[in-house]
Amino acid sequence: EPEVTQTPSHQVTQMGQEVILRCVPISNHLYFYWYRQILGQKVEFLVSFYNNEISEKSEIFDDQFSVERPDGSNFTLKIRSTKLEDSAMYFCASKGGAYNEQFFGPGTRLTVL
Amino acid sequence: AQKVTQAQTEISVVEKEDVTLDCVYETRDTTYYLFWYKQPPSGELVFLIRRNSFDEQNEISGRYSWNFQKSTSSFNFTITASQVVDSAVYFCALSEDLKAAGNKLTFGGGTRVLVKP
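In what follows, the accompanying structure is described. (Residues numbered from 1 in each chain as written. Chains lettered and ligands numbered in written order. Predicted model: local features only at pLDDT ≥ 70, side-chain atom pairs only at ≥ 80, totals over all residues. Heavy atoms only, no water.)

## Things to note about the interface of chain B and chain A
Okay, so step 1: At the junction of the two partners, chain B supplies 20 residues and chain A supplies 21 residues.
Okay, so step 2: Between chain B and chain A the total buried area reaches about 1800 Å² when both faces are included, carbon and sulfur atoms providing 57% of it.
Okay, so step 3: Counting every contact that joins chain B to chain A gives two salt bridges.
Okay, so step 4: Inspection of the region where chain B meets chain A yields eight residue pairs in polar contact (both at pLDDT 80 or more).
Okay, so step 5: When residues of the side of chain B that touches chain A are traced back to their parent elements, those giving at least two are strand S5 (32–39) and strand S6 (46–52) of chain B.
Okay, so step 6: The element best represented in the side of chain B that touches chain A is S5(B), accounting for four residues.
Okay, so step 7: A breakdown of the residues in the side of chain B that touches chain A according to their chemical character gives 10 nonpolar, six polar and four charged. (Contact = heavy atoms within 4.5 Å. Buried area = accessible area lost by both parts, 1.4 Å probe. Salt bridge = Lys/Arg side-chain N within 4 Å of Asp/Glu carboxyl O. Polar contact = N/O pair within 3.5 Å; in protein donor to acceptor, adjacent residues only side chain to side chain. Helix = DSSP H or I, 4+ residues; strand = E, 2+ residues; numbered from the N terminus. Nonpolar A, V, L, I, M, F, W, Y, C, P; charged D, E, K, R; others polar.)

In structure tokens:
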């Protein structure tokens, strides 16, 4: 069964460093998302991406964040200068059509020291 | 603005007991979609069900059942004859107007279910 994959599973970085989280959505999907979950808290929307552009972003998704779909398979989230409060689990999701459900990847746990 | 509330933060049951998870939502849209996701201890988010606002018919899938009541803005989830493998955090989520390219999911705070043998 097709699934969303994410790498790495765990990333440890120093405050102020740039990190890139990678996602490979399900191959024929058209809509892509990033969410984050701070430990023990709810899952929060960061950004949605469709037709090679951001369609919506949350207040969390400030100038330090960017997304890119550099080729036909990868979907990346970049944090330019990480802060301690960026420590969280980051989930990528994709869906095939507007009325379909979102399928989530296993997540990348980001730890900022 | 949309909001999802899961008032129960944690529920503990003994195996074979039934457990009902409450979900109350707020939205201004007349068209919206409700979801339940399961997050087992391994951390991934597993899709369980999607319902649209026009379909209030209750649904049963094996030991899982869902009760959607528009009049009370609730979309409750029941696990019948719970098993240890049902131990997880369960999230209710809402999405408005799936035609819109954004159509993000707004999640509730989650309910942790612990099923003891």
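On we go from here.
## Thoughts on the pattern of salt bridges
All names here are of chain B.
Okay, so step 1: Counted under the stated rule, the structure contains six salt bridges over all chains.
Okay, so step 2: The salt bridge involving Asp86 is made with Arg63; its shortest N-O contact spans 2.8 Å. Taken together, the positions of Asp86 in the loop between strand S9 (74–79) and strand S10 (88–96) and Arg63 in the loop between strand S7 (59–61) and strand S8 (64–69) put the pair 23 residues apart, joining distant regions of the chain.
Okay, so step 3: Its relative accessible area of 25% is what places Arg63 among the partly exposed residues.
Okay, so step 4: In the salt-bridge network here, residues are joined through shared partners; they are Arg51, Asp55 and Glu59. (Buried < 20%, exposed > 50% of the residue type's maximum accessible area, 1.4 Å probe, protein only.)

## Quick look at the layout of surface pockets
Okay, so step 1: A volume near 430 Å³ is recorded for the largest pocket.
Okay, so step 2: Within the residue set of the lining of the largest pocket, elements represented by two or more residues are S10 and strand S12 (111–116) of chain B.
Okay, so step 3: Here the element with the most residues in the lining of the largest pocket is S12(B); it accounts for four residues.
Okay, so step 4: Per-class residue counts for the lining of the largest pocket are 10 nonpolar, 11 polar and two charged.
Okay, so step 5: Considered as a void within the structure, the second largest pocket measures approximately 290 Å³ in volume.
Okay, so step 6: Around the second largest pocket, the lining comprises 14 residues; the ones closest to its centre are Glu3(A), Val4(A), Phe103(A), Phe104(A) and Leu45(B). (1 Å grid on protein atoms, 1.4 Å probe; cavity = no way out; pocket = protein on both sides within 12 Å on 5 of 7 lines; lining within 4 Å. Points joined across faces, edges and corners; volume = space filled by probe spheres on them.)

The quantities given are spatial measurements derived from coordinates; they are silent on function.
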